[in-house]
There are 2 protein chains.
Amino acid sequence: MRQRLVQAALGGIDCDLIFRNTTFFDAFSLRWVQGDVAVFQGAIVGLEPGLKARREIDGRKKFLVPGFIDAHVHIESSLLTPAEFQKAVLPKGTTTAICDPHELANVQGLPGIEYFLKAALKSTLDLRVMLSSCVPATSFETNGGGHLSATKLAPLKKHPKALGLAEMMNVPGVLSGDKKVWDKLKAFADRPVDGHCPLLRGKELSAYAASGISSCHESTQLGEAQEKLMKGLAVWVREGSVAKDLAALAPLLTVATSPVVGFCTDDRNPLDIAREGHIDYLVRGAIARGVPMEAAYRASAWSVARHYGLSGKGAIAPGYDADLVLLEDRESCAIESVWCKGKSVSELELPSNQTVRFGRTVKATKPEAQDLEGPKGRVHTIGVEPGKIITQRFVLNHDAAGVARLTVLERHGKNRPPANGYVTGFGTRFRGAIASSVGHDSHNLIVVGSNTDDMATALGALIDSQGGYAVTLDRQVTALLPLPFGGLMTALDAATVARKLLEMGAVCKQQGCVLEEPFLQLAFLSLPVIPELKLTDRGLFDVNKFQLIEVRAE
Amino acid sequence: MRQRLVQAALGGIDCDLIFRNTTFFDAFSLRWVQGDVAVFQGAIVGLEPGLKARREIDGRKKFLVPGFIDAHVHIESSLLTPAEFQKAVLPKGTTTAICDPHELANVQGLPGIEYFLKAALKSTLDLRVMLSSCVPATSFETNGGGHLSATKLAPLKKHPKALGLAEMMNVPGVLSGDKKVWDKLKAFADRPVDGHCPLLRGKELSAYAASGISSCHESTQLGEAQEKLMKGLAVWVREGSVAKDLAALAPLLTVATSPVVGFCTDDRNPLDIAREGHIDYLVRGAIARGVPMEAAYRASAWSVARHYGLSGKGAIAPGYDADLVLLEDRESCAIESVWCKGKSVSELELPSNQTVRFGRTVKATKPEAQDLEGPKGRVHTIGVEPGKIITQRFVLNHDAAGVARLTVLERHGKNRPPANGYVTGFGTRFRGAIASSVGHDSHNLIVVGSNTDDMATALGALIDSQGGYAVTLDRQVTALLPLPFGGLMTALDAATVARKLLEMGAVCKQQGCVLEEPFLQLAFLSLPVIPELKLTDRGLFDVNKFQLIEVRAE
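About the criteria used
- Counting restarts for each chain: residues are numbered from 1 in the order of the written sequence.
- Written order determines the labels here, with chains lettered from A and ligands numbered from 1.
- Only residues with pLDDT of 70 or above have their local features reported here, since the model is predicted, and side-chain atom pairs are shown and tallied only from 80 upward, although totals for entire chains, interfaces and linings are computed over all residues.
- The basis for the side-chain values is all heavy atoms of the structure; hydrogens and waters are excluded.
- Numbering goes from the N terminus for both helices and strands, where a helix is a DSSP run of H or I of at least four residues and a strand is a run of E of at least two.
- When accessible area is computed with a 1.4 Å probe and restricted to protein chains, residues below 20% of their type maximum are described as buried, those above 50% as exposed, and intermediate ones as partly exposed.
- Per-residue accessibility takes into account occlusion by the displayed protein chains alone, with areas from the Shrake-Rupley method and a 1.4 Å probe.
- Only four residue types enter the tally: Lys and Arg on the positive side, Asp and Glu on the negative side, with His and both chain ends excluded.
- Charge coordinates come from a single atom per side chain, which is NZ of Lys, CZ of Arg, CG of Asp or CD of Glu.
- Pairs of N or O atoms within 3.5 Å make up the polar contacts considered here, provided that, within protein, one atom can donate a hydrogen while the other can accept it, and that residues adjacent in sequence are counted only when both atoms are side-chain atoms.
- Residue contacts follow a heavy-atom distance rule, with two residues in contact if any of their heavy atoms lie within 4.5 Å.
- Between N-to-C directions, angles span 0 to 180 degrees; the directions come from axes that are lines fitted to C-alpha atoms, helices contributing only their stretch in contact.
- Angular relationships are summarised with four words: roughly parallel below 35 degrees, roughly antiparallel beyond 145, roughly perpendicular across 65 to 115, and oblique for the angles in between.
- Whenever Lys or Arg places a side-chain nitrogen within 4 Å of a carboxyl oxygen from Asp or Glu, that contact is recorded as a salt bridge.
- What sets the superposition is a least-squares fit of C-alpha atoms, and only residues with pLDDT of at least 70 in both copies go into it.
- Residues belong to one nonpolar core when they are buried, are Ala, Val, Leu, Ile, Met, Phe, Trp, Tyr or Cys, and are joined through side-chain atoms within 4.5 Å.
- Regarding the arc, it is the one traced by the directions from the helix axis to the C-beta atoms.
- When two components associate, each loses some accessible surface as probed by a 1.4 Å sphere; the sum of these losses over both components is called the buried area.
- Under the pairing criterion, centres of Phe, Tyr and Trp rings, with the six-membered ring standing for Trp, must be within 6.5 Å; the plane angle then separates stacked pairs below 30 degrees from edge-to-face pairs above 60, leaving the rest tilted.
- Note on pairing: DSSP must find at least two bridges between two strands before they are called paired.
- The pLDDT score gives, residue by residue, the confidence of the prediction method on a 0 to 100 scale.

**Q** Would you take a moment to explain the overall build of chain A for this structure?
**A** When helices and strands are counted, chain A shows 17 helices and 27 strands. C-alpha extents for chain A along the principal axes are approximately 80 × 50 × 45 Å. Expressed as a percentage of its 554 residues, the buried residues of chain A come to 65%. Element-wise, carbon and sulfur atoms account for 50% of the exposed surface of chain A, whose accessible area totals about 19,000 Å². A distance of 3 Å separates the average location of the 62 positive side-chain charges in chain A from that of its 60 negative side-chain charges.

**Q** Explanation requested: the side chain of A:Thr94 in the structure shown.
**A** Residue and element names in this part refer to chain A. The topology assignment puts Thr-94 in strand S7 (residues 94–99). Judged by its relative accessible area of 0%, Thr-94 falls in the buried class. Among the polar contacts made by the side chain of Thr-94, one reaches the side chain of His-278 at a distance of 2.9 Å. With sequence-adjacent residues up to four places away left out, Thr-94 is seen in contact with Phe-68, Asp-70, Val-89, Leu-125, His-278 and Ile-279.

**Q** What should I look at first to understand the packing of helix H8 (residues 202–210) of chain A against helix H1 (residues 2–9) of chain B in this one?
**A** For any two helices packed against each other, one specifies the crossing angle of their axes together with the interaxial distance. It is the contact of H8(A) with H1(B), at a shortest axis distance of 8 Å, that shows an interaxial angle of 170°. Compared by their axis directions, H8(A) and H1(B) come out roughly antiparallel. Contacts between H8(A) and H1(B) involve A:Lys203, A:Ser206, A:Ala207 and A:Ala210 from the first element and B:Arg2, B:Leu5, B:Val6 and B:Ala9 from the second.

**Q** Explain the pattern of salt bridges here, please?
**A** Any two side chains of opposite charge can pair if their charged atoms end up close together. Under the definition given, this model contains 66 salt bridges over all chains. Between B:Lys179 and B:Asp183 there is a salt bridge, with its nearest N and O atoms 2.7 Å apart. Remark: B:Asp183 and B:Lys179 occur in helix H7 (residues 179–187); sequence separation between them is four residues, near one turn of the helix. The partner of B:Glu276 in a salt bridge is B:Arg268, with the nearest N and O atoms 2.6 Å apart. Since its relative accessible area comes to 3%, B:Arg268 is described here as buried. Through salt bridges with shared partners, a single network forms among A:Asp126, A:Arg128, A:Lys161, A:Lys313, A:Asp321 and A:Asp323.

**Q** How should the relation of the copies chain B and chain A be read in this particular structure?
**A** A rotation about some axis, followed by a shift along it, carries one copy of the chain onto the other. Mapping chain B onto chain A calls for a screw motion: a turn of 180° about the axis and a shift of 0.0 Å along it, with 0.0 Å RMSD after fitting. In symmetry terms, the pair is related by a two-fold rotation axis. When the interface residues of chain B are mapped onto chain A, 100% of them again lie at the interface, so the same face is used by both copies.

**Q** Would you take a moment to explain the nonpolar core for this structure?
**A** Nonpolar side chains in soluble globular proteins tend to be buried together. Ranked by size, the top nonpolar core spans 336 residues in total, and within it A:Tyr297 and B:Tyr297 carry the most contacts. Residues within four places of A:Tyr297 in sequence aside, it is in contact with A:Phe25, A:Trp32, A:Val65, A:Phe68, A:Val283, A:Ile287, A:Leu327, A:Arg330 and A:Cys333.

**Q** I keep staring at H1(B) and nothing clicks. Help me out?
**A** Along an α-helix, residues three or four apart share an orientation, since each turn contains 3.6 residues. When H1(B) is considered as a whole, its buried residues turn out to be B:Leu5, B:Val6, B:Ala8 and B:Ala9. Angularly, the buried residues of H1(B) cover 165° about the axis, an arc narrow enough to put them on a single face. In the core, the buried residues of H1(B) are packed alongside helix H6 (171–176), helix H7 (179–187) and H8 of chain A together with strand S1 (15–26), strand S2 (31–40) and strand S3 (43–46) of chain B. Positive backbone phi, at 95°, marks B:Gly11, one or two positions downstream of H1(B).

**Q** What exactly am I supposed to notice about the environment of B:Ala88 here?
**A** Residue and element names in this part refer to chain B. Structurally, Ala-88 is set in helix H2 (residues 82–89). For the pair formed by Ala-88 and Phe-519, sequence separation is 431 residues and the distance between their alpha carbons is 21 Å. Not counting residues up to four positions away in its chain, the partners in contact with Ala-88 are Leu-80, Ile-273 and Ala-494.

**Q** How do you make sense of the interface of chain B and chain A when you look at a structure like this?
**A** Accessible area lost on assembly of the parts is the figure often given for the size of an interface. Taken together, the contact pairs 53 residues of chain B with 53 residues of chain A. Summed over both partners, the interface of chain B with chain A buries about 4,100 Å², with 63% contributed by carbon and sulfur atoms. Its largest share of buried area at the contact with chain A, chain B owes to B:Gln3, B:Lys203 and B:Met230, together 16% of the area lost on that side. Between the two partners, chain B and chain A, sit two salt bridges. In this structure, the salt-bridge partner of B:Glu48 is A:Lys231, at a minimum N-O distance of 2.5 Å. On inspection of chain B and its partner chain A, the count reaches 12 residue pairs in polar contact (both at pLDDT 80 or more). The leading source of residues in the side of chain B that touches chain A is helix H8 (residues 202–210) of chain B, at seven residues.

**Q** Would you mind showing me how to read the packing of aromatic side chains here?
**A** Ring pairs (aromatic) are described by centroid distance and by the angle formed between their planes. Summed over all chains, the structure comprises 32 aromatic pairs over all chains. With 5.3 Å between their ring centres and 85° between their planes, A:Tyr115 and A:Phe116 make a pair best called edge-to-face. Using a relative accessible area of 0% as the deciding quantity, one classes A:Phe116 as buried. Measuring from centroid to centroid gives 4.7 Å for B:Phe358 and B:Phe485, while their planes differ by 20°, and the two rings are stacked. Separated by 127 residues along the polypeptide, B:Phe358 in the loop between strand S16 (343–344) and strand S17 (378–383) and B:Phe485 in the loop between strand S24 (476–482) and helix H16 (494–510) bring together distant segments of the chain.

**Q** Looking at this model, I keep getting lost on the environment of B:Glu503. Mind explaining?
**A** If you trace the backbone, B:Glu503 turns up in helix H16. Spatially, the C-alpha atoms of B:Glu503 and B:Met455 are 20 Å apart, while their sequence positions differ by 48 residues.

**Q** Help me understand the sheet that holds strand S23 (residues 468–473) of chain B in this model?
**A** Pairing between the strands of a sheet comes from backbone hydrogen bonds, and it takes one of two forms, parallel or antiparallel. Residues and elements named next belong to chain B. If you walk across this open sheet you meet the eight strands as S18-S17-S20-S19-S22-S21-S23-S24, and the pairing is mixed. Here the strands that pair on one side only, and so sit at the sheet edges, are strand S18 (392–397) and S24. This sheet shows a mean twist of 25° between the axes of neighbouring strands, independent of strand direction.

**Q** When you look at the confidence of the model for chain A in this model, what are you seeing that I'm missing?
**A** A low pLDDT means the predicted coordinates there should not be read in detail. Averaged over all residues, the pLDDT of chain A is 96; the fraction at 70 or higher stands at 100%. Interface scoring of the predicted complex returns ipTM 0.95; its pTM is 0.96.

**Q** I'm lost on unusual backbone geometry in this one. Help?
**A** A negative phi angle is the norm for most residues apart from glycine, just as the trans form is the norm for most peptide bonds. Residue and element names in this part refer to chain A. Following Val-135, the chain continues to Pro-136 via a peptide bond in cis, the omega torsion being 0°. In this fold, Pro-136 is placed in the loop between strand S8 (126–131) and helix H5 (150–153). Residue Glu-532 is bonded to the preceding Pro-531 through a cis peptide linkage, with omega at 0°. Turning to its location among the elements, Glu-532 is positioned in the loop between helix H17 (518–524) and strand S25 (533–536). Residue Asn-415 is not a glycine yet carries a positive backbone phi of 55°.

See the structure below:
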């Protein structure tokens, strides 16, 4: 194949496509160069005038940059399947994504990872899969994926789309020499291993880096990120739908650091992708915050490709994949067209979802309203704050104003009784119930409500629809977005899902919910690694003490 | 092993070594950082105060930088074995070298490459081997290594010290789709492939880069080097004993380009290593020429390590190899001590040469004086210029003033008759003969002389010593440096060889030779890929016409 590229580069064969008289980005020298960019069989073959092609694009007064690479993303957080996800992000210039199927793996185990590996083979978006390292995420919750040991993960390494080991969240396990963790680190010693070490500093950070882990996308503070760079961890600057780090980290990205800084979205919903963008939003935002434009464009592609050993990706040079973004304006990253291996994304007929049998993944029995009754009297109560995944903790009367009921119901077929507790922050006038099958990281059913009848109705609706988002009032379903693929994803397209999310938000607001993003906030209320108080299917979890506690306060 | 590093980083085990209160180089952010650099079991484990170690080095007012990496070197050009080569370059701060056994491979074939792979396993210097791509170098000369096809080279890939495919000099073969060349490119598509494309520009350079080749160390002009960077070829700036490119290329190396620029020596003799230095000489010279110091230090290690996928090399960070250079002064790259995987190089007892049976590689029969008589009358004459490997061409009378006799004698056992010609440039008063078994790239015997008797004596001496450098006068050997290892290398140490080279130079001068480096110049007179006129064992070669021609002019 490459031999044909050489012939085309020499002019012996006509090229497929030429961007004439364009200004293209040189990711190696951080320069903008005037030239013709010629493409043949999906690869760039020439940068000089004199070649012929079947198709020409007028590149005058426009700028050609390498297609963007998302350094770390959970596609499940878009609620979309990989087939629909790519339709949402390709027009935003993201032509490569390095994904971690952590959510589906916690629901389904190995088949969840294999689903993404298989999807990656059929994807136009160049999808690379990091193999999920933390299934289960903790031992204080029940997942459906069981324990994915090193022995189970290692054979997947040979899949052509498998890249390395995904975010190693078990920092204590790395530092203390936990055998299960180290079996994985050893099995992936010859591959990139992603880190996940929020706020880690000093000796602990040195120790974590000494393990061979080579990136982190969890920095929220500038000094933290600088220390990580110094200790050899590439820093992926994240701007998700909940976690937003660009403002704090923009000063990190300079010409000097650009080879070791990249961009990622981690968790980003289709509404934000549609309204704000994807990696383009990070490029735009970085430049607006004073990052040198050339450093931002290098970080958006080449630096990440180089980190993960994706040779032939992330630059405009002969032999490189013709993943290209034609910009009307480079400062504002205003996209005119996107090209994937030389094909115009807007002209591609991207395939619909493959037929995949997910089977039933919501295996809970419908509860009765009385099963959802929590203890009465003085109770430990989770305090939700808008836009934060860290919670507060209070001791309140169970029937005080603003206190809502919260239940997590195990849904992986173990038939555990519901765990019932209390929460504040959804509003003093909140009525009905809001339920979801997306609850990090084990994705049991979680429901918040003003009364147990509406909560039971909402849970029943989710069990019927095999997962999703549900809102109920007066024992009626007032809004429903089914997510039947693992209880996490829908076969619907991004625009429909975005519209649905807007509608559901409006219904929640009508029912008195004061949170802007009730489903995103619910999704983190069962995550037992983020302080201070969380509710898993096993009960109320005190994150600081790292143990389960009684709901009733002494 | 890494698990122990983590324990040491946390302070749970005492470290082996700490550089206290030093200023170390952060290759990721191009900063200088104050700190303690702690080493355990050959790796860096900490950058902060508070750790203990069995040994402490006072780092105050000193600078710690990563050990240098030579991106491309033919160790044979040092005349030293790998065991002695490391003793010469380690004290100069070079702790990793990426070598290409091109010379020995042309003499011996696969066993020549295997010799270096085996030596690399025992070397303290971290020696990585690129597998020689051009054996034979051309079809206009006789080598001893035969043809190293893709089928022969590919099995060596799995050797732990084998890195990729060495400099692909056959540019026309790459561009024209030569099957033997492409078989090699395909066999090494998953590994780094080094380029070699002096002066290549425009479409031809694009085509060469599109083949998947990813570096070049042959740039001599700034514009050429800039174009190579833009086209995705990493540029290794070379400063050898003959080819010296730093002055021309220094402006290439900036903070922006530093991730894709490195340093190499290619061919450097022990005299220059002793007098000027090795990669440290390039660092020093680059800074003196205005290269930002931090860009120079990044290029001296990290950029090359990253290019070749040597993870854990080239930076001072936890988990990285403790290959370190402690500097008294960073601007002048003044070295105080060098550390290889945490061991002081000056304290190491480096092993002597392994016992290797090279066998007889100089298999020529001693010629009689009359065998070395060339044609008489008007003759095509090679014009040597001091310090250049490109030659001129003249038509002169064979007995004109300043015309010396030149003979190349095939030595690989094929018993070809000597090829006799003429050369100018050694001086009008030059007497006797100078002979060498180092003659790129096939390393046949080459001798220049004022008369056939002294030439025959010199060739006889080389056949007796199984290769080397010889000088004769009045049928007596006046100076001799045996190079019995493949006719290329000696078991002697660097200092002895350097002294020998000085002595031999003095003898040549006494005998009227006006060239500063007669042996280096001789070594390139048989290389048929450098214009304009060369002499191989097959006869006089017109490089421009790319064919053999008669010595006698019409």
